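What the coordinates show
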Amino acid sequence: MASVQFGQHAPAARVILHLSDTHLLGGDRLLGDRFDTARHLRRTLAAAEATGVRPDAVVFTGDLTDLGEPEAYRALRDAVEPWAARLGAPVVWVAGNHDERPALRAHLLDAPATEEPVTSVHDLGGLRLIALDSTVPGWHHGDLDAVQLEWLRAELAEPAPLGTILALHHPPLPTHIPFFDILELRDQAGLAAAIAGSDVRAILAGHLHYSTSGTFAGVPVSVASASCYTMDLARPADAVNGMDDGRSFHLVHVWDDTVTHAVVPVVDAESSGVFTPEWTARMAALSPRERLEAFSRKRAPGQ
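Notes on the structure follow.

Criteria and thresholds
- Residues numbered from 1 in each chain as written.
- Predicted model: local features only at pLDDT ≥ 70, side-chain atom pairs only at ≥ 80, totals over all residues.
- Heavy atoms only, no water.
- Helix = DSSP H or I, 4+ residues; strand = E, 2+ residues; numbered from the N terminus.
- Rg over C-alpha atoms; globule rule 2.2 N^0.38 Å.
- Buried < 20%, exposed > 50% of the residue type's maximum accessible area, 1.4 Å probe, protein only.
- Contact = heavy atoms within 4.5 Å.
- Areas by Shrake-Rupley, 256 points an atom, 1.4 Å probe, with all protein chains shown as cover.
- Lys, Arg positive; Asp, Glu negative; His and termini not counted.
- Charge placed at Lys NZ, Arg CZ, Asp CG, Glu CD.
- Salt bridge = Lys/Arg side-chain N within 4 Å of Asp/Glu carboxyl O.
- Patch = residues over 30% accessible without salt bridge, like charges linked within 9 Å, V, L, I, M, F, W, Y side chains within 5 Å.
- Pairing = 2+ DSSP bridges.
- Right-handed = clockwise from strand over helix to strand, strands pointing away.
- Axes fitted to C-alpha atoms, helices over the stretch in contact; angles between N-to-C directions.
- Parallel < 35°, antiparallel > 145°, perpendicular 65-115°, else oblique.
- Nonpolar A, V, L, I, M, F, W, Y, C, P; charged D, E, K, R; others polar.
- 1 Å grid on protein atoms, 1.4 Å probe; cavity = no way out; pocket = protein on both sides within 12 Å on 5 of 7 lines; lining within 4 Å.
- Points joined across faces, edges and corners; volume = space filled by probe spheres on them.

Some details on the overall build of the chain
- A tally of helices and strands in the chain yields 8 helices and 13 strands.
- By the compact-globule yardstick of 19 Å for 303 residues, the chain fits well, its C-alpha radius of gyration being 20 Å.
- Sorting the 303 residues of the chain into buried and exposed places 46% on the buried side.
- Counting contacts in the chain only where the partners sit at least 6 residues apart, residues at least 24 apart contribute 67% of the total.
- When the accessible surface of the chain is split by element, carbon and sulfur atoms take 53% of a total near 14,600 Å².
- Once the 24 positive and 39 negative side-chain charges of the chain are each reduced to a mean point, those two points are 9 Å apart.

Below you can see the structure in the form of structure tokens.
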């Protein structure tokens, strides 16, 4: 997190790392005999740690495993928990349609292996994070039943000091890709009614394997891409398929009056090296007017 303030906004009050769709398989098997999901997860975690951000929480928005195998959940835990401990951040696990509730609960949450929805509430220093379970056992589409929506209403009845962020797997957004329409979140009207008039400031989701954003019932929705594989959107909508490239995660910064969602690509590319901690320190030593003169003023060619 930035420790200096050069503009009109102070550093964000809270930061969340948002990752999604790891799709691990037991024994580090390749997904579809093609995608090395375990290696891609390790690379994603390394990229997130390299940002230097020490988040208030890490959220994985579902499809943690591809087949719900106990071995895959244990491998995910072995990879993520030491990494999260180095960051000093709690991990919030969200169930996805490829997950199986009993195995997820037993091997990630140390909870009874039941079919009960995987929901949770987290207080991040006044920012409330609520994890919903949009999975439907035995199916890949999403839904939130009346019991879970009533539970959500009860949780939201008392506002949190810094507001609330919801996390679920299936995004309450339209998509231009036909096959995702079949696997959409159903009863979106019920979710809209449950959050109406509440302090919900943002919704985090996954499922689509590409980054996108929109609004739902007046609330911003941010969908993180996948760590396993992503959708090649540079094709006609009815020919979109997965590709072994384009992975990313999100940095969610929470201010008093806004929430931003930055897409961070996981790439191996050399940057220019112009801006460094030393450059920032030099700017910090200047007055606001001197900083504008040093960095904002346009120079004539050759100067």
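Once the structure has been displayed, the description carries forward.
Regarding the pattern of salt bridges
- Per the stated rule, a full pass over the model turns up 13 salt bridges.
- We note a salt bridge from Arg-297 to Glu-293, for which the minimum N-O separation is 2.7 Å.
- Assessed through its relative accessible area of 30%, Glu-293 is described here as partly exposed.

Digging into unusual backbone geometry
- Positive phi values are uncommon outside glycine, yet Asp-110 reaches one of about 55°.
- With respect to the secondary-structure elements, Asp-110 resides in the loop between α3 (101–108) and β4 (120–124).
- Judged by its relative accessible area of 58%, Asp-110 falls in the exposed class.
- Its identity as a non-glycine residue notwithstanding, His-207 has a phi of 80°, on the positive side.
- Relative accessible area serves as the criterion here: at 6%, His-207 is assigned to the buried category.

Side note on the environment of Leu-286
- Tracing the backbone shows Leu-286 in the loop between α7 (277–284) and α8 (288–296).
- The residues contacting Leu-286, other than those within four sequence positions of it, are Arg-291 and Ala-294.

Considerations on a nonpolar patch on the surface
- Taken together, the side chains of Val-274, Phe-275 and Phe-295 present a nonpolar region at the surface, about 340 Å² in accessible area.
- Secondary-structure assignment places Phe-275 in the loop between β13 (259–265) and α7.

Section: the pairing of strand β6 (residues 164–167)
- Along β6, one buried face is formed by Thr-164 and Leu-166 and the opposite face, lined by Ile-165 and Ala-167, is buried too.
- When strand β5 (residues 127–131) meets β6, the two strands line up parallel, connected through 4 bridges. Within β6, the residue paired with Arg-128 across the bridge is Thr-164.
- In this fold, the crossover linking β5 to β6 by way of helix α4 (residues 146–156) has right-handed handedness.
- Where β6 meets strand β7 (residues 200–205), 4 bridges bridge the pair, whose relative direction is parallel. Within β7, the residue paired with Ala-167 across the bridge is Leu-204.

Looking at the packing of helix α1 (residues 37–50) against helix α2 (residues 70–87)
- As a packed pair, α1 and α2 sit with axes 11 Å apart at the nearest point and diverge in direction by 5°. By the angle between their directions, the pair α1 and α2 is classed as roughly parallel. Judged by residue contacts, Leu-41, Leu-45, Ala-48 and Glu-49 of α1 engage Leu-76, Ala-79, Val-80, Trp-83, Arg-86 and Leu-87 from α2.
- Of the residues in the contact of α1 with α2, the class split is 8 nonpolar, no polar and 2 charged.

A short note on the sheet that holds strand β2 (residues 57–61)
- Pairing is mixed in the open sheet, where 5 strands are placed in the order β3-β2-β1-β12-β13. Looking at which strands have only one partner, the edges of the open sheet turn out to be β3 (91–94) and β13. On average, each strand axis in the sheet is tilted by 20° relative to the strand beside it, whichever way the strands run.
- Pairing geometry for β2 and β3, over 4 bridges, is parallel. Residue pairing for β3: Thr-61 is matched across the bridge by Val-94.

Quick word on the layout of surface pockets
- Each pocket or cavity is described by its volume, and for the largest pocket that value is around 150 Å³.
- The wall of the largest pocket is formed by 15 residues, among which Asn-97, Asp-99, Glu-100, Gly-138 and Trp-139 lie closest to the centre.

Re the environment of Pro-102
- Mapped onto the elements of the fold, Pro-102 is located in helix α3.
- Through-space distance from the C-alpha of Pro-102 to that of Phe-60 is 18 Å; in sequence the pair is 42 residues apart.
- In this view, Pro-102 contacts Ala-113, Thr-114 and Glu-115; residues no more than four positions away in its chain are not counted.

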